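# Commentary on secondary and tertiary structure
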Amino acid sequence: MGTVFGIVAAVVALVGLLAALGHVGYLAMLNNAARKRGLSGTATSDYVSGRWKVAGGTALVALIGLLLTNANSVPVDVVGLLLGGGAGIAAKQALDSTREQFRGIS
């Protein structure tokens, strides 16, 4: 039973890490586009600069959660699942907030 839970925890943590890395990638894309626009992209570049800490933090927490799921202990797997899943949810919400800011999605 512990092995099955470990696999599920690893999958959840991996999905959380992918969501966090997706947010990092989206910010990198926005920053690149803002730099190409020069002076007219300054507001976007400033916004992205303020979001790097959130993106990096969620990616780091999700990575720690994924690493914790490699343990052979169910309680440690639970912590890894919570960290990875929670970081993924936070990253998804931050990504949605960023997309809403620049795409006008309501």
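From a predicted model like this one, the values you see are computed outputs, not experimental measurements.

## Observations regarding the side chain of Thr-69
Within the element layout of this structure, Thr-69 appears in the loop between helix H2 (42–68) and helix H3 (74–103). For Thr-69, a relative accessible area of 6% puts it in the buried group. Among the polar contacts listed, one links the side chain of Thr-69 to the backbone oxygen of Leu-66, at a separation of 2.6 Å.

## A look at a nonpolar patch on the surface
On the surface, a cluster of nonpolar side chains totalling about 220 Å² of accessible area is made up of Val-4, Val-8 and Val-12. Tracing the chain through its elements places Val-12 in helix H1 (residues 2–37). Residue Val-12 is classed as partly exposed on the basis of its relative accessible area, which comes to 33%.

## Quick word on the side chain of Ser-45
Within the fold, Ser-45 resides in helix H2. A polar contact of 3.5 Å, which involves the side chain of Ser-45, links it to the side chain of Asn-31. Look past the residues within four positions of Ser-45 in its chain and what remains in contact with it is Asn-31 and Ala-34.

## Notes on the environment of Met-29
With respect to the secondary-structure elements, Met-29 resides in helix H1. Counting along the chain gives 32 residues from Met-29 to Val-61, while the straight-line C-alpha distance between them is 22 Å.

## As for the pattern of salt bridges
Scanning the model with the defined rule gives 1 salt bridge in all. The salt bridge involving Lys-92 is made with Asp-96; its shortest N-O contact spans 2.7 Å. Pair noted here: Lys-92 and Asp-96 are both in helix H3, with a separation of 4 residues, about one helical turn. Classification of Asp-96 as partly exposed rests on a relative accessible area of 30%.

## Thoughts on the packing of H1 against H2
Put simply, H1 and H2 touch, their axes get as near as 9 Å, and they point 160 degrees apart. Taken together, the axes of H1 and H2 are roughly antiparallel relative to one another. Crossing handedness for the pair H1 and H2: left-handed. Within the contact of H1 with H2, the residues separate by chemical class into 19 nonpolar, 7 polar and 1 charged.

What counts and what doesn't
- Residues numbered from 1 in each chain as written.
- Predicted model: local features only at pLDDT ≥ 70, side-chain atom pairs only at ≥ 80, totals over all residues.
- Heavy atoms only, no water.
- Helix = DSSP H or I, 4+ residues; strand = E, 2+ residues; numbered from the N terminus.
- Buried < 20%, exposed > 50% of the residue type's maximum accessible area, 1.4 Å probe, protein only.
- Polar contact = N/O pair within 3.5 Å; in protein donor to acceptor, adjacent residues only side chain to side chain.
- Patch = residues over 30% accessible without salt bridge, like charges linked within 9 Å, V, L, I, M, F, W, Y side chains within 5 Å.
- Areas by Shrake-Rupley, 256 points an atom, 1.4 Å probe, with all protein chains shown as cover.
- Salt bridge = Lys/Arg side-chain N within 4 Å of Asp/Glu carboxyl O.
- Contact = heavy atoms within 4.5 Å.
- Axes fitted to C-alpha atoms, helices over the stretch in contact; angles between N-to-C directions.
- Parallel < 35°, antiparallel > 145°, perpendicular 65-115°, else oblique.
- Left-handed = near helix turned anticlockwise from the far one by under 90°.
- Nonpolar A, V, L, I, M, F, W, Y, C, P; charged D, E, K, R; others polar.

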